[in-house]
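# Structural characterization, general
Residue-level listing of the chains:
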Amino acid sequence: MKVFSQKVQIYDAVDVLKEKLLTLGLVPTMGALHEGHLELVRTALANNDCVMVSIFVNPTQFDNNDDLKKYPRTLNDDVVLLRTVSEDRLLVYAPTVDDVYEGHTVSEKFDFDGLEFEMEGRFRNGHFDGVGTIVKRLFEIVKPDNAYFGEKDFQQLQIIKKLVEKYRIPVNIIGCKIHREVNGLAMSSRNTRLKPKYKKAAPFIYKTLTTAKKQFGTKSANKVIKWVEKQFAEHDILKLEYFIIADVDTLKIVKRKSHKKTYRAFIAVYADDIRLIDNIALN
Ligand code: PAF
């Protein structure tokens, strides 16, 4: 498994693969890899001849400098983990900020038809411009046939599908199911930073989502929202940032349920200073 840090090396490696008519999958990550990432890599390996994993903590998608500084960086451990998945069909691109941004570390401005203003967009200023910038750049550098993203960041997944459609980027975007701990907590690189008492409390998030899903079968969206808000208002240590029920295509908050539409519930919660997000399909 080769680990590259410069995009010129990627251009050469990709040229060799394309000459041999081999298919290439891309799994973009910010590192601190966990089982959820490894599942994305395994899915990509099952469907492509070769897979590139990018490991890059992208500064332009952080609206909070402290969060960027504290984001775990564990490249050596990540490489060891990836080697356990495949030694001969994996490549890693772990660039520096300069290799990606060439001294101009700013986001492009995107219009994602309003998807960017909902949920995470409301609470994380400029976040999706940063994500769009890095993902578009990775697609230009790696030129993958297929790219794999987790449904934990469901809004990000929908935005990347929109990016590809708007810019006519020739890559298939594949969304993969959320990988959870046995206790239901959605796997995230941020979980490693949870202090024990918060780690113990955090599965409450998924437990509440699954009850909300049951309630959604018989109750109005508004009633379910009020119930979830009450659960967190009464919780000792977890602080709810938002809980919404939205149409999966537009990500707009549901006003009145229609059985012709598909809905998902989305949640963001603070466990101490760590922000955790999760979501669940409702119908
Ligand atoms: O989901 C992530 O880890 C990041 O947002 C991504 C897609 C790798 C872009 O930096």
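Note that this is a predicted model, so its numbers are computed, not measured.

The next subject is helix α1 (residues 7-19). Each full turn of the α-helix corresponds to 3.6 residues, which orients residues three or four apart in the same direction. A rise of 1.5 Å per residue sets the reference length of α1, with its 13 residues, at 18 Å; its end C-alpha atoms lie 18 Å apart and thus fit the reference within 8%. For α1, every residue scored as buried is listed here: Lys7, Ile10, Ala13, Val14 and Leu17. Taken down its axis, α1 places every buried residue within 115 degrees of arc, on the same side. Among the exposed residues of α1, those oriented more than 90 degrees off its buried face are Asp12 and Glu19. Remark: leucine 21 follows α1 within two positions and exhibits a positive phi of approximately 60 degrees.

Even without a glycine there, the phi angle at alanine 32 is positive, about 50 degrees. Structurally, alanine 32 can be placed in the loop between β2 (24-29) and α2 (35-47). Backbone geometry at arginine 168 places phi at a positive 45 degrees, although glycine is not the residue there. Within the secondary structure, arginine 168 sits in the loop between α8 (154-166) and β6 (172-176). Assessed through its relative accessible area of 75%, arginine 168 is described here as exposed.

With 45 residues, the main nonpolar core has Ile10, Met52, Val135, Phe139, Phe149, Ile173 and Phe266 as its most contacted residues. Looking at this core element by element, the count peaks at eight residues for helix α7 (residues 127-142). When residues no more than four places from it in sequence are discounted, the contact partners of phenylalanine 266 are Met119, Phe154, Tyr242, Phe243, Ile244, Ala246, Leu251, Asp278 and Asn279. Listed in part, the 27 residues of the second largest apolar core include Leu185, Phe216, Phe243 and Tyr263.

Opposite charge on two side chains allows them to pair when their charged atoms are near. Scanning the entire structure with this criterion turns up 25 salt bridges. Residue arginine 83 is joined to glutamate 87 by a salt bridge in which the shortest nitrogen-to-oxygen separation is 3.0 Å. Given the relative accessible area of 36%, arginine 83 is considered partly exposed. Overall, glutamate 87 belongs to the partly exposed group, its relative accessible area being 41%.

Our next topic: the sheet that holds strand β8 (residues 263-271). Spatially, β7-β8-β9 is the arrangement adopted by the three strands of the open sheet, whose pairing is antiparallel. Edge positions in the sheet fall to β7 (238-247) and β9 (274-281), since each of these pairs with one other strand and no more. Put simply, the sheet's adjacent strands are angled 15 degrees from each other on average, direction ignored. The pairing of β8 with β9 spans eight bridges and is antiparallel. Within β9, the residue paired with tyrosine 270 across the bridge is arginine 275.

The final tally for this structure, using the stated rule, is eight aromatic pairs. Ring centres of phenylalanine 154 and phenylalanine 266 lie 5.8 Å apart, and the angle between their planes is 50 degrees; this geometry places the pair in the tilted category. With phenylalanine 154 in helix α8 and phenylalanine 266 in strand β8, this residue pair connects regions lying 112 residues apart in the sequence. Here the two residues phenylalanine 154 and phenylalanine 266 agree in accessibility, since each one is buried. Here the aromatic rings of phenylalanine 216 and tyrosine 263 are separated by 5.7 Å at their centres, their planes lie at 70 degrees, and the arrangement is edge-to-face. With phenylalanine 216 in helix α10 (residues 204-216) and tyrosine 263 in strand β8, this pair connects stretches of sequence that are 47 residues apart. By relative accessible area, which is 5% here, phenylalanine 216 ends up buried. One aromatic cluster is present, formed by Phe110, Phe112 and Tyr167 through successive ring pairs. For the cation-ring pair, lysine 257 lies above phenylalanine 216, with the distance from its terminal atom to the ring centre recorded as 4.4 Å.

This part is about the side chain of glutamate 120. Take glutamate 120: it is sitting in helix α6 (residues 119-123). Among the polar contacts made by the side chain of glutamate 120, one reaches the side chain of arginine 275 at a distance of 2.7 Å.

Reading the values: the criteria
- Residues numbered from 1 in each chain as written.
- Predicted model: local features only at pLDDT ≥ 70, side-chain atom pairs only at ≥ 80, totals over all residues.
- Heavy atoms only, no water.
- Helix = DSSP H or I, 4+ residues; strand = E, 2+ residues; numbered from the N terminus.
- Expected span 1.5 Å × (residues − 1).
- Buried < 20%, exposed > 50% of the residue type's maximum accessible area, 1.4 Å probe, protein only.
- Arc of directions from axis to C-beta.
- Core = buried A, V, L, I, M, F, W, Y, C linked by side-chain atoms within 4.5 Å.
- Contact = heavy atoms within 4.5 Å.
- Salt bridge = Lys/Arg side-chain N within 4 Å of Asp/Glu carboxyl O.
- Pairing = 2+ DSSP bridges.
- Axes fitted to C-alpha atoms, helices over the stretch in contact; angles between N-to-C directions.
- Phe/Tyr/Trp six-rings, centres within 6.5 Å; stacked < 30°, edge-to-face > 60°.
- Lys NZ or Arg CZ within 6 Å of the ring centre and 35° of its normal.
- Polar contact = N/O pair within 3.5 Å; in protein donor to acceptor, adjacent residues only side chain to side chain.

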